[in-house]
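Residue-level structure breakdown
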Amino acid sequence: MEGYPIELTINGEKICAKAQPEQSLLKFLRENGFTEVKCGCEKGDCGTCTVIMNRKAIKSCITLAMQANGKEILTAKGLEKQALGRKLQESFVKYGAIQCGFCTPGMLMAAKAYLDENPEPNKGEIRNAISGNLCRCTGYKKIVEAIYDVAEENYRVEGDINV
Amino acid sequence: MNQFRYIFPKTKEEILKILEQEKSEACIVAGCSNVLPYIKDKIIPPKLLLDISGIEELNYIKKNEGNLCIGATTTISDLISSKIIREECSVLYQAAEDFADPTVRNRATIGGNLTDASPAADMAIPLLVLDAVLEVESMNGKREIYLKDFFLGPRKTALRDDEMITSIKFKNDPINKQGYFIKLGLRQSMAISVATIALILELEKNKVKDVRIAMGSIAPIPLRLFKTEEFLKSKEINDELLEKAINKVREEVNPISDIRASQEYRRYVSGVLFKRTFEKLTN
């Protein structure tokens, strides 16, 4: 199939590939090997496909791949390159904030984007920040605690990749 | 044509030219939070996706000659982070805060929410009580449509094939600071509303000087409750008046039953929501 060439940065690396005009960013990412971005409802309800695009958390299933042209994308795999990202991953493990794990990539991305902007939130604000991400194991309490623990430390390190 | 195409114009002029040529073959997209689910469910057949999200001149919140003007591609997050909206237009700010969830708010635009013309469009309700006017443009020029005349039915608007909303404007009145908005959904976030209400109320010596009421999800279109407003005008506020007005609201709404709520419940709760907003603004 023909497509439109797009160029974007994913987890700090430049990627050139073809995208279909009506293709979602979610499908584009998965077809190009970024399967850490999970495919759930595909209509913007569940949030497991959340990625960070130009510093903002967005749902990749309701964003066109074409709209990521020239943008910087961060996925869950890119978190390990970042101090805050690593801290969040470790905290999720420490608090047992993962049951089946399907919502985890989206939860982490929503949390990362939020903490970047709001380093010292309370638990209510954290719940609001992840309110677009569903966990059907209903382990929200531990997820909120895991994010709050990172926030409390107010962990900020220079030299994060700038996404 | 049986394949989608995509174009990313750089100027408003360019969009209008493409709309003139393609008319209903073009589908304007920006945030895509509605469009992509429609494509997936084949509600939108293959078309030209005309992406206006890169047009800087359509993204603004500004004051102009006593009006507050909002560009069509301004996102819901942009509204929330705007000092002008937060401080001078409380009813719109409250509705923006209750809109979907933070990740959808980062993409969804005010123009897209109106053009989609859902009876549950959350931006329409505060904008109706603000007496908003839409600036609509095509290659043939510019015209204005009152928001109250814009919605013709579920997903139907007064927009012609070659037109687009470019701006939303309303009078920057001090009374806008005191509006109140309630969204009733089945959960707090990511909910399509069961019913929404926005109320703006101006009092003079315990009498209703001006009142504007709009409700969502209780009629085929986002609705201004003009009959209830007329009933309330110049009347002295007391419990009896409120009870009568609640009944007027229940007469004026025209809800349906769906998976979220029954017709009977929606009619009943419309009165309850009116009572809550009215008491909030009179106490």
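Computed from a predicted structure; not experimentally measured.

**Let's talk about the overall build of chain A**
Scanning chain A from N- to C-terminus turns up five helices and five strands. Reading the helices (α) and strands (β) of chain A from amino to carboxyl end gives β-β-α-β-β-β-α-α-α-α. Across the 163 residues of chain A, 48% fall into the buried class. Partitioning the intrachain contacts of chain A with sequence separation of at least 6 by distance along the chain shows that 63% fall at a separation of at least 24.

**Quick word on the domain arrangement of chain B**
All names here are of chain B. We note that the domain assignment places domain 1 (5–51), domain 2 (56–174) and domain 3 (179–282) within chain B. If you look at the interface, domain 2 gives 20 residues, while domain 3 gives 24 residues. Among the residues forming the side of domain 2 that touches domain 3, the class breakdown is 13 nonpolar, three polar and four charged.

**Quick look at helix 5 (residues 90–97) of chain B**
Given 3.6 residues per helical turn, the α-helix brings residues three or four places apart onto the same face. Those residues of helix 5 of chain B that fall on the buried side of the exposure criterion are V91, L92, Y93, A95 and A96 of chain B. Considering only its buried residues, helix 5 of chain B is in contact with helix 3 (76–80), helix 4 (83–88), helix 8 (124–129), strand 11 (180–184) and strand 12 (195–204) of chain B.

**Some details on the packing of helix 2 (residues 83–94) of chain A against helix 5 (residues 140–153) of chain A**
Residues and elements named next belong to chain A. At their nearest, the axes of helix 2 and helix 5 sit 8 Å apart, and the two run at 135° to each other. When the interaxial angle is binned, helix 2 and helix 5 end up oblique. The way helix 2 lies across helix 5 gives a crossing that is right-handed. Across the interface between the two elements, K87, L88, S91 and F92 of helix 2 pack against A146, D149 and V150 of helix 5. Looking at side-chain class alone, the contact of helix 2 with helix 5 contains four nonpolar, one polar and two charged residues.

**Some details on the nonpolar core**
Side chains of nonpolar character tend, in soluble globular proteins, to be buried together. One finds A111 of chain A together with V91, L92, A198 and M215 of chain B to be the most contacted residues of the largest nonpolar core, which totals 136 residues. Considering every element that reaches this core, the biggest residue donor is helix 3 (residues 104–117) of chain A, with eight residues. Residue contacts for A111 of chain A: discarding those within four places in its chain leaves L88, A129, I130 and I147 of chain A.

**Points about the environment of Q3 of chain B**
With respect to the helices and strands, Q3 of chain B occurs in the segment before strand 1 (5–7). Separated by 43 residues in the primary sequence, Q3 of chain B and P46 of chain B place their C-alpha atoms 5.1 Å from one another.

**Some points on the sheet that holds strand 2 (residues 13–19) of chain A**
All names here are of chain A. Read from one edge of the open sheet, five strands run 2-1-5-3-4, paired in mixed fashion. For this open sheet the edge positions go to strand 2 and strand 4 (56–59), each flanked by a neighbour on one side alone. Between one strand axis and the next, the sheet turns through 40° on average, direction left out of account. Bridge analysis of strand 3 (residues 50–53) against strand 5 (residues 72–74) gives two bridges, and the strand direction is antiparallel.

**Comments concerning helix 12 (residues 263–282) of chain B**
With 20 residues, helix 12 of chain B extends 29 Å between its outermost C-alpha atoms, agreeing within 8% with the 28 Å of an ideal straight helix rising 1.5 Å per residue. The inward-facing, buried residues of helix 12 of chain B contact strand 11, strand 12, strand 13 (207–216) and helix 11 (239–252) of chain B.

**As for the domain arrangement of chain A**
All names here are of chain A. In terms of domain boundaries, chain A breaks down into domain 1 (4–77) and domain 2 (79–153). A C-alpha centroid distance of 20 Å is found between domain 1 and domain 2. Facing 16 residues of domain 1, the contacting portion of domain 2 comprises 15 residues. Mapped onto the side of domain 1 that touches domain 2, the elements with two or more residues apiece are strand 3 and strand 4.

**A look at unusual backbone geometry**
Residue and element names in this part refer to chain B. Backbone geometry at A100 places phi at a positive 45°, although glycine is not the residue there. Looking at where A100 falls in the secondary structure, it is placed in the loop between helix 5 and helix 6 (102–105). Residue A100 is classed as buried on the basis of its C-beta count, with 24 C-beta atoms lying within 10 Å. Its identity is not glycine, yet N206 carries a phi of approximately 65°, on the positive side.

**Thoughts on the interface of chain B and chain A**
Contacts between the two partners involve 22 residues from chain B, matched on the other side by 24 residues from chain A. At the level of elements, strand 1, helix 2 (35–40), strand 3 (48–51) and helix 6 of chain B are the ones that each hand at least two residues to the side of chain B that touches chain A. Residue contributions to the side of chain B that touches chain A peak at four residues, all from helix 2 of chain B. Residues belonging to the side of chain B that touches chain A are distributed by class as follows: 11 nonpolar, six polar and five charged.

Calculation criteria
Residues numbered from 1 in each chain as written. Chains lettered and ligands numbered in written order. Predicted model: local features only at pLDDT ≥ 70, side-chain atom pairs only at ≥ 80, totals over all residues. Helix = DSSP H or I, 4+ residues; strand = E, 2+ residues; numbered from the N terminus. Buried ≥ 20, exposed ≤ 12 C-beta atoms within 10 Å, placed from the backbone. Contact = placed C-beta atoms within 7 Å. Domains from an automatic or database assignment. Nonpolar A, V, L, I, M, F, W, Y, C, P; charged D, E, K, R; others polar. Axes fitted to C-alpha atoms, helices over the stretch in contact; angles between N-to-C directions. Parallel < 35°, antiparallel > 145°, perpendicular 65-115°, else oblique. Left-handed = near helix turned anticlockwise from the far one by under 90°. Core = buried A, V, L, I, M, F, W, Y, C linked by C-beta atoms within 7 Å. Pairing = 2+ DSSP bridges. Expected span 1.5 Å × (residues − 1).

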